[in-house]
Amino acid sequence: SSPHLQTYEQRAKKHGNPAARKLLETMERKKTNLSVSVDVTKKKDFLAIIDVVGPFVCLIKTHIDIIEDFDQTVIEHLQELSVKHDFLIFEDRKFADIGNTVALQYSSGVYKISSWAHLTNAHAVPGPSIITGLSSIGLPLGRGLILLSEMSSKGALTTGSYTEDAVRMARSRRDFVVGFIAQKRMDGIGAIEADDVTEEDFLVLAPGVGLDSKGDAMGQQYRTPREVVLESGCDVIIVGRGIYGKSDQLDVENVRKQAERYRQEGWSAYLERVSL
Ligand code: 5FU
């Protein structure tokens, strides 16, 4: 049966990529498919939010380059929190260049993303060589790559044959590409007869999730955890502002409450899905 009708535990046992396996195991152990996107610009707020939501998430998603007072201690603390609260780290870097350049951007510079992020992501627009470049760094470290096959923003160009071609690119590198940023499952999309799709299990991570808002003033569009997990078969819900609110008025108690609420919503949608 399609992977989304199996439990995270069953899928963990079969997955060939170490980062994907660890994520699925963590989801099952902590009973959560929630990833919190911590899009704040101060180191102190960044770490405070992660410490509060840590118990409720399987994955923390970062945009490390928006932190104004970044230094190496941010990464050290982030890694300590990932051990303390048992979650994985996903740097939402959205690589989009030729293989040689992305290999350098992934391994080097100020952030050295490959040294601490279990998962990162890339646009499909440069073609298969972007996977070749990133995998030359990430594969020996046991990392996983997520391809963007659909975006959540209004008017996104990631539709139709672009989405299909992105899925085909992923399918030919299942050792390193472990899933998609998308709004629905990609099972069968873009498959051609020669493809063996029976054994593939791509994790679908869905951003654009919110319970109290339909969108923002800059084209973001929100759907509920139930819509993305139960109706569209996505595996991980990514929630940012729905949990931490306005970052200039951080209310730690409310952040905890919202994280619990989204964890509960996402998990019950998953339980309903696998019981069908
Ligand atoms: F690839 C994508 C996408 O299609 N939509 C997104 O919203 C990524 N994102 C990210 O998820 C975006 O960069 C934010 O970091 C996060 C959503 O944050 P929000 O506060 O829940 O809207």
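Residues numbered from 1 in each chain as written. Predicted model: local features only at pLDDT ≥ 70, side-chain atom pairs only at ≥ 80, totals over all residues.

Undergrad: Pulling in residues and values, what's your account of the UniProt feature "binding site: substrate" (unreviewed entry) in the protein chain?
TA: As annotated by UniProt and renumbered to match this structure, "binding site: substrate" (unreviewed entry) occupies Asp 39, Lys 61, Ser 152, Gln 220, Gly 240 and Arg 241. Relative to the helices and strands, Ser 152 resides in the loop between β5 (144-148) and α7 (160-171). Ser 152 sits in the buried class, given 21 other C-beta atoms within 10 Å. For Ser 152, the residues in contact, after removing those within four places along its chain, are Gln 183, Pro 207, Gly 208, Gln 220 and Gln 221. With respect to the helices, strands and loops of the structure, Gln 220 is situated in the loop between β7 (203-206) and α8 (225-231). With sequence-adjacent residues up to four places away left out, Gln 220 is seen in contact with Ser 152, Ser 153, Gly 208 and Gly 215. (UniProt positions renumbered as here; feature names shortened; annotations may be inferred. Helix = DSSP H or I, 4+ residues; strand = E, 2+ residues; numbered from the N terminus. Buried ≥ 20, exposed ≤ 12 C-beta atoms within 10 Å, placed from the backbone. Contact = placed C-beta atoms within 7 Å.)

Undergrad: So, the UniProt feature "active site" (unreviewed entry) in the protein chain: which residues are in play, and what are the values?
TA: Within this numbering scheme, the UniProt entry marks Asp 92, Lys 94 and Asp 97 as carrying the feature "active site" (unreviewed entry). Residues contacting Asp 92, with those up to four places away along its chain left out, are Lys 61, Thr 62, His 63 and Asn 121. Inspection of the secondary structure assignment puts Asp 97 in the loop between β3 (88-95) and α5 (99-107). Judged by local crowding, Asp 97 falls into the partly exposed class, with 17 C-beta atoms found within 10 Å. Ignoring sequence-local partners within four residues, the contact set of Asp 97 consists of Val 102 and Pro 126.

Undergrad: Explain helix α10 (residues 252-274) to me, using residue names and the numbers behind them.
TA: For α10, built from 23 residues, the straight-helix expectation of 33 Å at 1.5 Å per residue is met to within 8% by its first-to-last C-alpha distance of 33 Å. For α10, the set of buried residues is Gln 258, Ala 259, Tyr 262, Arg 263, Glu 265, Gly 266, Trp 267, Ala 269 and Tyr 270. Residues of α10 that are buried make contact with β1 (34-37), α3 (43-53), α8, β8 (236-239) and α9 (241-244). (Expected span 1.5 Å × (residues − 1).)

Undergrad: Which residues make up the environment of Leu 24, and what values go with them?
TA: By the secondary structure assignment, Leu 24 is in helix α2 (residues 18-30). Here Leu 24 falls in the buried class, since 25 other C-beta atoms lie within 10 Å of it. Those residues in contact with Leu 24, other than ones at most four positions away along the chain, are Tyr 8, Arg 11, Ala 12 and His 15.

Undergrad: Give me unusual backbone geometry: which residues, what numbers.
TA: One non-glycine residue, Lys 31, lies in positive phi territory at about 50°. Structurally, Lys 31 is set in the loop between α2 and β1. The exposure class assigned to Lys 31 is partly exposed, which follows from the 15 C-beta atoms found within 10 Å. For Lys 94, which is not glycine, the phi torsion reads 50° and is therefore positive. Residue placement: Lys 94 occurs in strand β3. The class of Lys 94 is partly exposed, set by 14 C-beta atoms lying within 10 Å.

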